[in-house]
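Now for the letters of each chain:
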Amino acid sequence: STTATLTTAGTSTGVVGTSGLGRKKLASGHAQYTLFDGDQYANGAHKLYLKNASTTASEYFTIEINSEQMGKLYAGDWCFFPWEANADTNDIKIDPSADNMVLEYMLFIDE
């Protein structure tokens, strides 16, 4: 199917909030970056889209939630997963493997 309804927690109502499609270029001197702070979002059935826009096969972003490594997105890879910001420690953090990498992202917010 090419369509889907992303529903709010415990309902069949579609999610209506979004961060908008964004691109983040990590400056030189790569270091871990907090993409979404769990403290800033209410508990809910949020959904997150991430894509590594790099074309260099060896470049990746390490993705962490609450200091737990979820995995790595290599060049051209993307992911889509649910996120429940139920604690101020449930931050979404990214760590680029090289300087000047670009991450494309969108958060669908359960308001």
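Residues numbered from 1 in each chain as written. Predicted model: local features only at pLDDT ≥ 70, side-chain atom pairs only at ≥ 80, totals over all residues. Heavy atoms only, no water.

S.K.: I would appreciate a short explanation of the nonpolar core in the present structure.
M.R.: Soluble globular proteins: nonpolar side chains tend toward being buried together. Within the largest apolar cluster, 21 residues are counted, with the highest numbers of intra-cluster contacts made by Phe36, Leu50 and Ile92. Elements with a minimum of two residues in this core: β3 (33-36), β4 (46-52), β5 (60-65), β7 (78-83), β8 (92-96) and β9 (102-109). Broken down by element, the residue count for this core peaks at 4 residues, all from β9. In contact with phenylalanine 36, other than residues within four places in its own chain, are Ser19, Tyr41, Leu48, Trp83, Asp91, Ile92, Tyr105 and Leu107. (Core = buried A, V, L, I, M, F, W, Y, C linked by side-chain atoms within 4.5 Å. Buried < 20%, exposed > 50% of the residue type's maximum accessible area, 1.4 Å probe, protein only. Helix = DSSP H or I, 4+ residues; strand = E, 2+ residues; numbered from the N terminus. Contact = heavy atoms within 4.5 Å.)

S.K.: Sorry if this is basic, but what is going on with the packing of aromatic side chains here?
M.R.: Two aromatic rings, taken as a pair, are described by how far apart their centres are and by the angle between their planes. Taken as a whole and assessed by the stated rule, the structure comprises 7 aromatic pairs. Their ring planes at 45° and their centres at 6.2 Å tell us that phenylalanine 36 and tryptophan 83 sit as a pair that is tilted. Linking phenylalanine 36 in strand β3 with tryptophan 83 in strand β7, this pair joins segments that are 47 residues apart in sequence. In this structure, phenylalanine 36 and tryptophan 83 share a single accessibility class: buried. By relative accessible area, tryptophan 83 is classed as buried at 3%. Clustering of aromatic rings is evident, with ring pairs tying together Phe36, Tyr41, Trp83 and Tyr105. (Phe/Tyr/Trp six-rings, centres within 6.5 Å; stacked < 30°, edge-to-face > 60°.)

S.K.: What am I meant to see in unusual backbone geometry here?
M.R.: Working note: non-glycine residues mostly have negative phi, and peptide bonds are mostly trans. Backbone geometry places serine 67, a non-glycine residue, at a positive phi of 65°. With respect to the element layout, serine 67 can be found in the loop between β5 and β6 (68-74). For serine 67, a relative accessible area of 59% translates into the label exposed. Unlike most non-glycine residues, asparagine 100 shows phi in positive territory, near 60°. As for its position among the elements, asparagine 100 is in the loop between β8 and β9. Residue asparagine 100 is classed as partly exposed on the basis of its relative accessible area of 44%.

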